[in-house]
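Listed here are the chains, written in short residue letters.
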Amino acid sequence: DDNDCLTEEELDNINNQQERENHPLNCAKLNAKPYPYFDGGIMNARKAGQFAYFSSRNNNFSNRDQTGNICVRGTKEDGTEEKCEVDPATFTLQGANPAISTASMRIAGQF
């Protein structure tokens, strides 16, 4: 309900940034929600490949980022096979996250 949230003008009138960002009715930060998450429900993966995702909630580009990579086995649109190989010691997907590039990768022309 929009009435449960402060307006942009009301938020701007709070001079203390910490107080403004943590105000319980600051819906821009999802503070007014009892459970600040998005439930997308069950999704059916119909396309093979690796898909990166991230959540901007509780992030602020710090060490609290919530990122991941979903791998769907099968034949990709280009005819190649996605195997989703996993390291048996760590149970993590092998290879680089396709959505993240580093400066060294860009310099080497990989992205």
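The structure we're discussing is the one just above.
Only a predicted model underlies this, so the values are computations on that prediction, with no experimental measurement involved. (Residues numbered from 1 in each chain as written. Predicted model: local features only at pLDDT ≥ 70, side-chain atom pairs only at ≥ 80, totals over all residues. Heavy atoms only, no water.)

**Student:** Summarise the overall build of the protein; cite the residues concerned and give the values.
**Tutor:** Helices and strands together make up the secondary structure of the protein, namely three helices and four strands. Shown N-terminal to C-terminal, the secondary structure of the protein runs as helices and strands in the order α-α-β-β-β-β-α. Per-residue burial for the protein yields a buried fraction of 13% across its 111 residues. Long-range contacts, defined as pairs at least 24 residues apart, comprise 25% of the intrachain contacts of the protein with a sequence gap of at least 6. Of the accessible surface of the protein, which amounts to about 9,300 Å², a share of 50% is contributed by carbon and sulfur atoms. (Helix = DSSP H or I, 4+ residues; strand = E, 2+ residues; numbered from the N terminus. Buried < 20%, exposed > 50% of the residue type's maximum accessible area, 1.4 Å probe, protein only. Contact = heavy atoms within 4.5 Å. Areas by Shrake-Rupley, 256 points an atom, 1.4 Å probe, with all protein chains shown as cover.)

**Student:** Summarise the layout of surface pockets; cite the residues concerned and give the values.
**Tutor:** The calculated volume of the second largest pocket comes to roughly 190 Å³. Every residue along the wall of the second largest pocket is listed here: Met-43, Asn-44, Ala-45, Arg-46, Lys-47, Phe-51, Ala-52, Tyr-53, Ile-70 and Val-72. When residues of the lining of the second largest pocket are traced back to their parent elements, those giving at least two are strand 1 (49-55) and strand 2 (66-72). In terms of residue count, strand 1 provides more of the lining of the second largest pocket than any other element does, three residues in total. Split into classes, the residues belonging to the lining of the second largest pocket amount to seven nonpolar, one polar and two charged. (1 Å grid on protein atoms, 1.4 Å probe; cavity = no way out; pocket = protein on both sides within 12 Å on 5 of 7 lines; lining within 4 Å. Points joined across faces, edges and corners; volume = space filled by probe spheres on them. Nonpolar A, V, L, I, M, F, W, Y, C, P; charged D, E, K, R; others polar.)

**Student:** Any chance you could break down the side chain of Asn-26 for me, citing the residues and the numbers?
**Tutor:** Note on placement: Asn-26 falls in the loop between helix 2 (17-22) and strand 1. A distance of 2.9 Å separates the side chain of Asn-26 from the backbone oxygen of Arg-20, its partner in a polar contact. From its side chain, Asn-26 meets the backbone nitrogen of Ala-28 in a polar contact 3.1 Å long. Residues in contact with Asn-26, not counting those within four places in the same chain, are Leu-11, Arg-20, Glu-21, Asn-31 and Ala-32. (Polar contact = N/O pair within 3.5 Å; in protein donor to acceptor, adjacent residues only side chain to side chain.)

**Student:** With reference to specific residues and values, describe the state of the cysteines.
**Tutor:** Within this structure, the stated rule accounts for two disulfides. For Cys-5, the disulfide goes to Cys-27, at an S-S distance of 1.8 Å. Where Cys-5 bonds to Cys-27 through sulfur, the torsion about that S-S bond is close to -80 degrees, and the disulfide is left-handed. Here Cys-5, found in the segment before helix 1 (8-12), pairs with Cys-27, found in the loop between helix 2 and strand 1; they are 22 residues apart in sequence, far enough to count as distant. (Disulfide = S-S within 2.5 Å.)

Read these as spatial facts, not as claims about activity.
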